[in-house]
Amino acid sequence: MKIRELSLIVLSIALLASTLYLVIENKNINAKQEALQKEFTQYKKSIADAKALALQIQKEVALQEKKEQRNKHRFALKQRVENAATLVQILKEKYKHKRDKKWIILEALNQSGVYVKNYSGDTVGDVNVSYLKDGLRAIPLEEIQKVRRRKEGYIIVKDDKSQQVQYIYVKDLPSEHLFIGASLILH
């Protein structure tokens, strides 16, 4: 009987030890599994964050490229008006003794693609300009004010319904009592 009791005790201790071992190993496995799950979740979150950051950078680059493109167009618009103003100075000097110098200058400006207006806002040359609709703004009056106050400058008109933006650049021709301008519509 002693052997039987002793073997039952040993067997019980062995069973208890193996149960404890399995419980401890199960806890270790669950802890490792939770750690792996956390790591995987962080990995997925970091990938999502990286994708969001890449998308944000892509949007910023596209916006920067669009701004640079608009600045190039605005500079080209200003350059066209500046070239026409230089042409006026050259023609004025060349034909200073001619009676028809004003008409010669107007014809040259018409061919250079800029429009010519007087201080009343009336078109003098053959090139007409049309404006986008932007509420109740009086664009010809803004042109006159810009020319009289600052001698030159940009006017930006945004269409009410579409995404179009019109850039207008005007420059004063003081000795002729006229101003010249050019416009460009961007989408």
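Residue indices follow the written sequence of each chain, beginning from 1 at its first position. Totals for whole chains, interfaces and linings use all residues, but because this is a predicted model, local features are given only for residues with pLDDT of at least 70 and pairs of side-chain atoms are given and counted only at 80 or more. With hydrogens and water stripped out, all remaining heavy atoms of the structure feed into the side-chain values.

### A word on the overall build of the protein chain
Going by this rule: To qualify as a helix, a DSSP run of H or I must reach at least 4 residues; to qualify as a strand, a run of E must reach at least 2; elements of each kind are numbered from the N terminus. All radius of gyration figures rest on C-alpha atoms, and the globule criterion is 2.2 Å times the number of residues raised to 0.38. The rule is simple: take the accessible area with a 1.4 Å probe, protein chains only, and divide by the maximum for that residue type; under 20% is buried, over 50% is exposed, in between is partly exposed. By definition, residues are in contact when any of their heavy atoms lie within 4.5 Å. Just so you know, the count uses Lys and Arg for positive and Asp and Glu for negative, and it drops His and the chain ends. For charged residues, the charge sits on one atom: NZ in Lys, CZ in Arg, CG in Asp, CD in Glu.
Of regular secondary structure, the protein chain possesses three helices and four strands. In sequence order, the protein chain lays out its α and β elements as α-α-β-α-β-β-β. Taken over the C-alpha trace, the protein chain has a radius of gyration of 40 Å; the compact-globule value for 187 residues is 16 Å, which it surpasses by more than 25%. Each of the 187 residues in the protein chain was classed as buried or not, and the buried ones make up 24%. Sequence separation of at least 24 residues holds for 52% of the intrachain contacts in the protein chain that already meet a minimum separation of 6. Taking the average location of the 34 positive side-chain charges in the protein chain and that of its 22 negative ones, the two points are 2 Å from each other.

### Points about helix H2 (residues 101–111)
Listed as buried for H2 are Ile105, Leu106, Ala108, Leu109 and Asn110. Along its buried surface, H2 packs onto helix H1 (2–94), strand S1 (115–118), strand S3 (165–173) and strand S4 (178–186). Remark: Gly113 follows H2 within two positions and exhibits a positive phi of approximately 90°.

### Describing the pattern of salt bridges
Worth spelling out the cut-off: Every case where a carboxyl oxygen of Asp or Glu lies within 4 Å of a side-chain nitrogen of Lys or Arg is listed as a salt bridge.
Evaluation of the coordinates by the stated rule reveals seven salt bridges. Between Glu142 and Arg137 there is a salt bridge, with its nearest N and O atoms 2.7 Å apart. Note that Lys151 is salt-bridged to Asp172, the shortest N-O span being 3.9 Å. Note that Lys151 is positioned in the loop between helix H3 (139–150) and strand S2 (152–158) and Asp172 in strand S3, a separation of 21 residues in sequence. Residues joined by salt bridges that share partners form a network here, namely Glu82, Glu152 and Lys171.

### Some words on H1
Applicable threshold: Here the expected span of a helix is defined as 1.5 Å times the quantity of residues minus one.
Given a rise of 1.5 Å per residue, 93 residues ought to cover 138 Å, and the 135 Å separating the end C-alpha atoms of H1 matches this to within 8%. Of the positions making up H1, those classed as buried are Arg70, Leu77, Val81, Ala84, Ala85, Val88, Leu91 and Lys92. Those residues of H1 hidden inside the fold are in contact with H2, S3 and S4.

### Considering the nonpolar core
Applicable threshold: Put simply, a nonpolar core is a bunch of buried Ala, Val, Leu, Ile, Met, Phe, Trp, Tyr and Cys residues held in one set by side-chain atoms that sit within 4.5 Å of each other.
In terms of nonpolar packing, the biggest core is built from 20 residues, with Val81, Leu109, Val114, Val116, Leu173 and Ile180 touching the most fellow members. Elements supplying a minimum of two residues to this core: H1, H2, S3 and S4. With six residues, H1 is the single largest residue contributor to this core. Not counting residues within four places of it along the chain, the set of residues in contact with Ile180 comprises Val81, Ala84, Ala85, Leu109, Val114, Tyr115, Val116, Tyr169, Val170, Lys171 and Leu173. In this structure, Leu132, Val147, Val157 and Phe179 belong to the second largest nonpolar core, which totals eleven residues.

### Quick notes on the sheet that holds S3
Under the convention used in this document: Only when DSSP finds a minimum of two bridges between them are two strands counted as paired. Fitting a line to C-alpha atoms yields each axis, with helices limited to the stretch in contact; the angle taken between N-to-C directions then spans 0 to 180 degrees.
As summarised here, the arrangement of the four strands in space is S1-S4-S3-S2, forming an open sheet in which the pairing is antiparallel. On the outer flanks of this sheet lie S1 and S2, each paired with one strand and no other. Pairwise comparison of adjacent strand axes, ignoring direction, gives a mean angle of 30° for this sheet. Alignment of S2 against S3, held across seven bridges, turns out to be antiparallel. From the neighbouring strand, Gly153 faces S3, where its bridge partner is Val170. Those strands touched by H1 are S2, S3 and S4, and its axis lies near 25° from that of S3. Strands S1, S3 and S4 of the sheet are contacted by H2, whose axis makes an angle of about 5° with S4.

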